[in-house]
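Residue-level listing of the chains:
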Amino acid sequence: MAEEKSEKYTWRQLTSDIADALLKKDLETWSVASERFGALAGVSIKRLRVGCFDFKVQYNPARVVSTTAKIDAETLRNRKCFLCREYRQVGQDAVRVICDGGEYDLIVNPFPIFNRHFTIVDDVHVRQHIEGRFIDMVSLAKSLCNHIVFYNGPKCGASAPDHLHFQAGNKGELPLQTDFDKLDRKVFYKTARTRLSYVVNFANGCFILESHCRRDITRVFNLFMSVLPVKKGDWEPMMDILVWFERTDNKRDPNLWRAAVFVRRQLRPSCYTAKGEKHLLVSPASVDFGGIFVTPRKEDFDKITSGDIEKIFSEICITHRQSEDIIKTMKNTHTTKNKNT
Ligand SMILES: [Zn+2]
C-alpha cells in the first residue's frame, strides 16, 4: 500500500524539504510518530566534555529498543523485519529515491534522536553492507543537504543488520558537524579532490574524508576500506560512518563533502554487561560518536561522566596502534600510484 502512495525521485531531485514534508504528513497520520517526536521535545540533556567536543548526553527512554536490540541470526530469522514495506505501520508513508547503488524508501524513524530523523531503507531485504553503497550515502548527503546521513555497521549498532539502511538527522545538532574545525586532522593520503586524515584529539579510530568530488570521495573511501581489518566471519570492517554536504564560497569547487569513519573492534563496551555500579545500558553508534550520547535509562543519564564515555570509546574503537598500522598500509599500498596532490 505504501508503494502505491510513494512519490518517486532520483537523488538529484530529492531535497531536505521533501523529507521534512513527509515528516509533517506522518505526524498528522501516524500516532506513533506524533507521540515519539512530541516526547523528544521534552528529553533531558546534559553536557560533558569528550575529547575536543562538548557532548550532549540525551536521556531518551524510547531508544531502549535500539540499545538492547538482539541481532543474533536466530532472532533475526524469527522476527518480522520492521524495515520491510509489508510490515510497516498504518500511516507510515514513504518517499522513493533512486540512487546509483540501489533504490530506497525514505521513511520517518519512529525512535527519533533528532527533531527530523529519517531511515533510508533499501527496496530489497538485503543485509547491511556498505560495499557499492557509499556513493549513495554521498549522493543522499547532497540531496538532504540540511541533514547528516549516517550508517551503523551490521555489528556496530544497526538494529536491523539484515536489511540495508542509512539514517538521516537534521544538521545543527551533532558537535561533530557544528564544531568540525575543532578536530585536529593529520592528512595521510590525498588526491587532487580528496583528503583522508586521522584525528588525534578525539576517539581512536576516527578518520575523516573531505572532498570536492562525489566520485573521488567514493574511490578514496573504497581504497581505505581495502586496508581495514575484517574479523573472521564478518563481511566488512567494523565501522560507523557519518556523511554531510556543504556548499562553499569557492567558485571552482562549490561542493564539499565531509565524512567521518569510526573504525571499531567491539559492538558493546564492558559496562553494558557489568554488574552493580559499573553497569551502564549504552550501546554507542554513529550518533553517539557524533556527540549526542544516548542513555535510555534515567539512572545512567544521571551517573555517566566524561571519563565513562572516553573509556567506552577506547574499548569499542580500534587502538591508536591499530590506526597507525592502517595509515602505514594505506600509504604503502596506494600512495605511490596516486602522486597527484
Ligand atoms: Zn527487511
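This text goes with the structure placed above it.
Quantities reported herein were computed from a predicted structural model and do not represent experimental measurements. (Residues numbered from 1 in each chain as written. Predicted model: local features only at pLDDT ≥ 70, side-chain atom pairs only at ≥ 80, totals over all residues. Heavy atoms only, no water.)

Considerations on the sheet that holds strand β9 (residues 185–190)
What counts here: Two strands pair if DSSP finds at least two bridges between them. Numbering of helices and strands runs from the N terminus, with a helix taken as a DSSP run of H or I at least four residues long and a strand as a DSSP run of E at least two residues long. For helices, the fitted line uses only the C-alpha atoms of the stretch in contact; every axis is such a line through C-alpha atoms, and the angle between N-to-C directions lies from 0 to 180 degrees.
Strands sit in the order β1-β4-β5-β6-β8-β7-β12-β13-β11-β10-β9 across an open sheet of eleven strands; the sheet is mixed. Edge positions in the sheet fall to β1 (7–10) and β9, since each has one partner strand and no second. Taking each pair of neighbouring strands and ignoring which way they run, the sheet shows an average axis angle of 25°. Bridging between strand β5 (residues 103–108) and strand β6 (residues 117–122) involves five bridges; their strand directions are antiparallel. By the bridge assignment, Y104 is partnered in β6 with D122.

Remarks on the sheet that holds strand β2 (residues 44–50)
One open sheet holds the three strands; their spatial order is β2-β3-β14, and the pairing between them is mixed. Where the open sheet ends on each side, the last strands, each with one partner, are β2 and β14 (292–295). Each neighbouring strand pair of the sheet contributes to a mean axis angle of 30°, computed without reference to strand direction. Looking at chain direction, β2 and strand β3 (residues 53–59) are connected through seven bridges and run antiparallel.

Description of the packing of aromatic side chains
What counts here: Two rings belonging to Phe, Tyr or Trp (six-membered ring only in the last case) form a pair when the distance between their centres is within 6.5 Å. Interplanar angles under 30 degrees mark stacking, angles over 60 mark edge-to-face geometry, and anything in between is tilted. Exposure classes here rest on a 1.4 Å probe applied to the protein chains alone. A residue is buried below 20% of its type maximum, exposed above 50%, and partly exposed in between.
Using the criterion set out here, one finds 18 aromatic pairs in the structure. Centroid distance Y151 to F166: 6.2 Å. Interplanar angle 55°. Geometry classified as tilted. A residue pair is termed long-range when its members are at least 10 positions apart, and Y151 in strand β7 (residues 147–152) and F166 in strand β8 (residues 165–170) qualify at 15 residues. Its relative accessible area of 0% is what places Y151 among the buried residues. The class for F166 is buried, based on a relative accessible area of 0%. With 6.1 Å between their ring centres and 55° between their planes, F293 and F313 make a pair best called tilted.

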